[in-house]
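# Breakdown of the fold
Residues per chain are reported as follows:
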Amino acid sequence: MAAPHRIDVHHHFVPQIYKDALITLGSACPAPGYQAPIANWSLERSLDQMDEAGIASAIVSVTTPGIHFGDDGAARKLARQCNEAGARMVADRPQRFGLFAALPLPDIDASLNEIAYALDELKADGIGLYTSYEAGGVKFLGDPAFAPLLSELDRRKALVFVHPTSCVCCSDLQPGIADAIIEYGTDTTRTIASLVFGGAAARFPHIRYIFCHAGGTMPYLIQRFVDFSGRDKAAMNAAMPNGMLHELTRFHYDLAQTAHPGSVGALRNIIPLSQILFGTDYPYGFGCADQVTRIAACGFTAAELASVDRSNALRLLPRFGTLEDRLQRPARRDEHVVEPATPSAAPARGVPTPAARDRAATEKT
Amino acid sequence: MAALTRIDVHHHFVPPAYKAEMNKKRPMQPCMQTWTIQNSIDDMDKAGTQISLVSITLPGLYFGHVEEARKLSRLCNDYGMEMIRNHPGRFGLFAAIPWPDVEGSLKEVEYALDTLKADGICLYTSYGDRWLGHSDFNPLFEELNRRKAIAYVHPHAAACCENLIPEVNESIIEYGTDTTRAINSMIFTGASARYPNIQWIWSHAGGTMPFLIERMVNLAKIPQVAAKLPNRLMPELKRFYYDTAQASNGVALGALKAVAGASQIVFGTDYPYRLSIEHVEGLAGAGLSTEEMIGIDHRNALRLLPNLAKLIKA
């Protein structure tokens, strides 16, 4: 295998303090709890996986179920402890690891403090958020309750990694079908819709978002998104003065758990290649090398793969660049967007256009 | 008028007596209020649709009262049959049943398929907190399996997922998701393999299932899950049919083809929520080959509904 070059933006770390927290606090959490991949995680295993898969650098984050188990004080403490553990991993191997810092949301004030600590003191590479939070009912990221948080992240032009969780609406809906199968992807779609249609995406344009799992299910539902955006024109223009697609195509999307030619083809039909990032979801899935193999079967050319594996992420995380990277001409944002994902997939059709019909009069409620 | 070559499996009708009952609960939407048989026919003519298999859309038939659900199902089915009789060759029927009333539903299946000669049965993706693979449905599925019936499945926003995001209508995300839940339920409970003769049509290109295929593939690799899938995952997904309603674009259909194959895609419009011609135009721009288009227009549906072959003069 070539020298390690990949940048994995979706890679979890599980410090002992978090394992302990899941055992003590996690019983209050419906899902997914203390699973084998979490229990078995170690720094050495992460490094072995990265070596095997040619991953030069992994930006680590805390996975679902996150930090907050109902007690603000405990959440503040746990976020801080996880962030310090992550910062130590980074300090020990600054080129191998980066950190998306955890926040004790939905506690906004404590989260603003933690943003300052993580970005100013710990020099974290970005902030990790979850797709939804329980705060007097379920709230997605576009909810006005999160505006102070997004405002601060916008001011800092922060890199924000948005990880799914099983929404409080939708945990354990069906026995035998883990929330990860359907609900995680769906919750990512919901929070994208909340940010875009609620106006927060346009109002805070400097936040650089990474959404997991190829956008959840958003690409597959693009027709619904387009049709909805064509409805109440005044409201939509106010929420999205640059249009919906401007927002969707400036977000970044990782390929964790979605490396199938059909899914990747759908994503690529609406999202420029420059926005697509390598991600593994380690320690979930079947190992980092397996993810490399799966992505290789998704019809990318060698040049496109080089963008997905590394150079797209480098634009967000330039500190991982080497001299060799710096000697290369910087790629333009839309440079590689030419071809469809696979010869068998539909040619790039772009995005469906809403028909002229008055949507408001016809949409189901 | 263009040649009528299409079979629309996802087309709604609004019997006036049903509308009157629904309006008493909560006024139906404008496109429901203004629906007429002639409007349906005009929409079909414009889009080159020979025949539409009509079904009852939301809010469905059951509102907590068995007798009401039975009565509504019967009046809808009888009205559908009257449409078929009065407009020969233009309509078929996916009959309504009063589920979760088991006894009434089995009676209505018998009436619809034996007496009315309906083309299939319309189900919803979930009823309360039960998705279609749940063991509650076994008696119904036994009967549909015995009859090798077509089960056309229409989504709604599941009970868990109403009004989640203030700015976003439920149809945008939740309908598609509920179809995905029902498909996963059918597969991973083993119900799909246990009732192999039911011919399934899923709405809206399978909801979001094709995009989540890696998750399903990975789940199916777990030994105790695999044990419940004697036919394995992909053959089950590839025997289902998926309609094009609100998904007639290359983004979704490209992914659906990669999972299920173009042979499983059937034309559907969701009229009167959307116009049929929008779907024809969408499909024309979806990067499909001529063969694939013919398949979607009618040839794939004719495998499910061979009796309609005499109507299609393509």
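Residues numbered from 1 in each chain as written. Chains lettered and ligands numbered in written order. Predicted model: local features only at pLDDT ≥ 70, side-chain atom pairs only at ≥ 80, totals over all residues.

Each helix and strand in chain A was counted, giving 16 helices and 10 strands. Scored against the burial criterion, the 365 residues of chain A give a buried share of 55%. Counted over contacts in chain A with a minimum sequence separation of 6, partners at least 24 positions apart contribute 80%. (Helix = DSSP H or I, 4+ residues; strand = E, 2+ residues; numbered from the N terminus. Buried ≥ 20, exposed ≤ 12 C-beta atoms within 10 Å, placed from the backbone. Contact = placed C-beta atoms within 7 Å.)

Attention now moves to the packing of helix H7 (residues 179–197) of chain A against helix H7 (residues 170–188) of chain B. It is the contact of H7 of chain A with H7 of chain B, at a shortest axis distance of 11 Å, that shows an interaxial angle of 175 degrees. As far as their axial angle goes, H7 of chain B and H7 of chain A are roughly antiparallel. Residues Ile181, Ile182, Thr186, Thr189, Arg190 and Ala193 of chain A of H7 of chain A pack against Ile172, Ile173, Thr177, Thr180, Arg181 and Asn184 of chain B of H7 of chain B. Of the residues assigned to the contact of H7 of chain A with H7 of chain B, the class counts are 5 nonpolar, 5 polar and 2 charged. (Axes fitted to C-alpha atoms, helices over the stretch in contact; angles between N-to-C directions. Parallel < 35°, antiparallel > 145°, perpendicular 65-115°, else oblique. Nonpolar A, V, L, I, M, F, W, Y, C, P; charged D, E, K, R; others polar.)

Attention now moves to the interface of chain B and chain A. Contacts between the two partners involve 52 residues from chain B and, on the opposite side, 51 residues from chain A. The greatest single-element share of the side of chain B that touches chain A, amounting to 10 residues, is contributed by H7 of chain B. In terms of residue class, the side of chain B that touches chain A is built from 29 nonpolar, 17 polar and 6 charged.

Residues and elements named next belong to chain A. Counting buried positions along strand E1 (residues 6–12) gives 7 out of 7 residues, so the element sits mostly inside the fold. Of the pairings in the sheet, the one linking E1 to strand E2 (residues 55–61) comprises 5 bridges and is parallel in character. Each residue of the ladder has a partner; that of His12, found in E2, is Ser61. (Pairing = 2+ DSSP bridges.)

In this section: unusual backbone geometry. The omega torsion across Tyr282 of chain A and Pro283 of chain A is 10 degrees, close enough to zero to call that bond cis. Turning to its location among the elements, Pro283 of chain A is positioned in the loop between strand E10 (276–277) and helix H13 (288–296). Between Tyr271 of chain B and the following residue, Pro272 of chain B, the backbone shows a cis peptide bond with an omega angle of 10 degrees. Note that Pro272 of chain B resides in the loop between strand E10 (265–266) and helix H13 (276–284). At His213 of chain A, a residue that is not glycine, the phi angle is positive and equals roughly 55 degrees. A positive phi is found at His204 of chain B, a non-glycine position, where the angle reads about 55 degrees. You can see His204 of chain B is positioned in the loop between strand E8 (199–202) and helix H9 (213–220). Look at His204 of chain B and you get buried, because 29 C-beta atoms sit within 10 Å.

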